[in-house]
Amino acid sequence: MAVRQGEPGYFADDSMIRRVMSKRAVGLTYGVRALVIGAVHPLLFVGTSEHTAHRETPYTRLAITGALFEAVFLGTKAEADRALAFTRRKHDAVVGTLPEDAGAHHPAGTAYAAHDPHLMFMTMAFTFDSAEVMYDRLVRELTPTEREDLYQGYVRWGELFGMPRSAAPADYPAFRRYFDSYLNSTELFLTEEAALVGSYLAGHRKAYRLRPPAEQVGTALYLLVQGSLPPRIRQMYGIGWGISDELAHRALCRSVRTAHLAPPLAPRVLAGTLAGPSAPSYQLLARREQRMVKTGHPSMPGVDPRNWVQRNSA
């Protein structure tokens, strides 16, 4: 899907949500970060994993989700409506209960449903938070007015997917208070599967090596995502993070921000690489992931994901 300037969509070309999500640096990182952090919410993670055809291939699932989201962020109304209708059909079937305890707040038998207003808001919250963080780090720091506009755009985005407006805090400061409190609460919990999938997506546990230059690109992506995670989240995954890691992360962020200052000087060279949809890039990883599974190699190290299906269907 191309970013079509001037064609009517649910968001204007100059809206903050479209301006932020059209930056490829954001598009290539926010989705991974959102899934890694979102995995600490057992109802969201289990509800998704129990009702997906891509349980063994998380990057494939990410590529599909990214394409659907970008159709709503960046596409025409017709493209967005097709993505929204597809998502609603999929969500209709996402109803169930936790098969086992997932921390003190989520005992076995706790119910979940994709259309639950609070769970819809939490999906929006993880997505918005990641887009905000990655734009601040990789493009430039948002002003307070821009931050509020971006938040309200995301609330509208959530509404398009069916989230009631009342499910979200009224403004950005209220959202930030709620979400930061949540990330510091005792509600966070990683199931065994969530820990494995999140570690894999964040590059903490790699199933295979890519060839240059893809290996260098992947290493940079993982460094950007891991460095953007709250310290508590890194600790939950067992991701070590020292001074050298932090310095490397900051240097990489600085170089990406600098690149965004260059287009006025060399627009023809850089404009096409800095802006546009990011789903095609995820599809490259997804195809590699699918080839691994088809040839009998696990996509994620340590555990054969097929055991999850066998265990939960027993």
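These lines cover the structure that appears in this document, whether it is placed above or below. This structure is a prediction, so every number in the text was calculated from the model and none was measured.

1. Things to note about the pattern of salt bridges
Within this structure, the stated rule accounts for ten salt bridges. A salt bridge links Arg-18 to Asp-13; the nearest nitrogen and oxygen atoms lie 3.6 Å apart. Assessed through its relative accessible area of 2%, Arg-18 is described here as buried. One salt bridge connects Arg-140 with Glu-146, and the closest N-O pair in it is separated by 2.8 Å. In this structure Arg-140 comes out as partly exposed when scored by relative accessible area, which is 31%. Each member of the salt-bridge network shares a partner with another, and the members are Arg-33, Asp-129, Glu-132, Asp-136, Arg-147, Arg-176 and Asp-180.

2. A short note on helix α5 (residues 58-74)
In a regular helix each residue adds 1.5 Å, so 17 residues correspond to 24 Å; α5 covers 23 Å between its end C-alpha atoms and thus fits that length. Within α5, 14 of the 17 residues are buried, which leaves it mostly tucked inside the rest of the structure.

3. Comments concerning the environment of Gly-227
One can find Gly-227 in helix α11 (residues 214-228). Taking relative accessible area as the criterion, Gly-227 reaches 5% and is therefore assigned buried. Sequence separation between Gly-227 and Leu-247 is 20 residues, and the spatial gap between their C-alpha atoms is 9.6 Å.

4. Things to note about the packing of aromatic side chains
For the structure on display, the rule yields 20 aromatic pairs. Ring geometry for Phe-73 versus Tyr-154: centroids 5.5 Å apart, planes at 65 degrees, classification edge-to-face. On the criterion of sequence distance, the pair formed by Phe-73 in helix α5 and Tyr-154 in helix α8 (residues 144-160) is long-range, its members being 81 residues apart. Taking relative accessible area as the criterion, Phe-73 reaches 0% and is therefore assigned buried. One Lys or Arg, Lys-77, reaches over the ring of Tyr-10 and ends 5.5 Å from the middle of that ring.

Calculation criteria
Residues numbered from 1 in each chain as written. Predicted model: local features only at pLDDT ≥ 70, side-chain atom pairs only at ≥ 80, totals over all residues. Heavy atoms only, no water. Salt bridge = Lys/Arg side-chain N within 4 Å of Asp/Glu carboxyl O. Buried < 20%, exposed > 50% of the residue type's maximum accessible area, 1.4 Å probe, protein only. Helix = DSSP H or I, 4+ residues; strand = E, 2+ residues; numbered from the N terminus. Expected span 1.5 Å × (residues − 1). Phe/Tyr/Trp six-rings, centres within 6.5 Å; stacked < 30°, edge-to-face > 60°. Lys NZ or Arg CZ within 6 Å of the ring centre and 35° of its normal.

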